[in-house]
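Residue strings, one per chain:
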Amino acid sequence: MIGTRGCDDACLRDWRPVKAPADAQPSGYWNVATRDDGTKQWVYKDYALYTYAGDKAPGDMNGNDIYDYLIHDAVNKLPDIPPGLQQVGAGALYWAFAAP
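Remember, it's a predicted structure, so these values are computed and weren't measured experimentally.

Chemist: Can you walk me through the environment of G3 in this structure?
Modeler: Note that G3 resides in the segment before α1 (9-12). On the accessibility criterion, G3 (42% relative accessible area) is partly exposed. Put simply, G3 and T34 are 31 residues apart on the chain and 9.3 Å apart in space, counted from C-alpha to C-alpha.

Below, the structure is given as structure tokens:
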């Protein structure tokens, strides 16, 4: 539902889309989204993937546990939601992987 529109221009200063090649193909939980500028972005389990600009070296996880809360009327902000759908509550998905 959020797709690539969940990260606006202010967000993109810190979070960079994980770009996919133009010929990338979906596989399993991995999918490809087309951004408004026409570039492709990797999506995992329907969540667009981003890297954090504050990470400087392989293994850095400086963006871990950074939270921005977005409160809005999803029905009026995202036009592709079916009419009459009401969203109540909050949901989140995050994961982290760190190798020693």
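Chemist: Please clarify how the side chain of Q41 should be interpreted in this entry.
Modeler: Its place among the elements puts Q41 in strand β4 (residues 40-44). A polar side-chain atom of Q41 sits 2.6 Å from a polar atom in the side chain of R35.

Chemist: I tried to follow the environment of Q25 on my own but got confused; where do I start?
Modeler: Its location among the elements puts Q25 in the loop between β2 (19-20) and β3 (30-34). Sequence spacing of Q25 and W42 is 17 residues, and the spatial spacing of their C-alpha atoms is 9.8 Å. Each residue touching Q25, except ones within four places of it in the same chain, is listed here: V32 and W42.

Chemist: How should I be thinking about the state of the cysteines in this particular structure?
Modeler: Each disulfide is one covalent bond, formed between the sulfur atoms of two cysteines. Inspection of every chain in the model, using the stated rule, returns one disulfide. Disulfide pairing places C7 opposite C11 at an S-S distance of 1.9 Å. Because the sign of the S-S torsion sets the handedness, a value of about -95° for the bond joining C7 and C11 places this disulfide among the left-handed ones. Classification of C11 by relative accessible area gives partly exposed; the value is 22%.

Calculation notes
Residues numbered from 1 in each chain as written. Predicted model: local features only at pLDDT ≥ 70, side-chain atom pairs only at ≥ 80, totals over all residues. Heavy atoms only, no water. Helix = DSSP H or I, 4+ residues; strand = E, 2+ residues; numbered from the N terminus. Buried < 20%, exposed > 50% of the residue type's maximum accessible area, 1.4 Å probe, protein only. Polar contact = N/O pair within 3.5 Å; in protein donor to acceptor, adjacent residues only side chain to side chain. Contact = heavy atoms within 4.5 Å. Disulfide = S-S within 2.5 Å.

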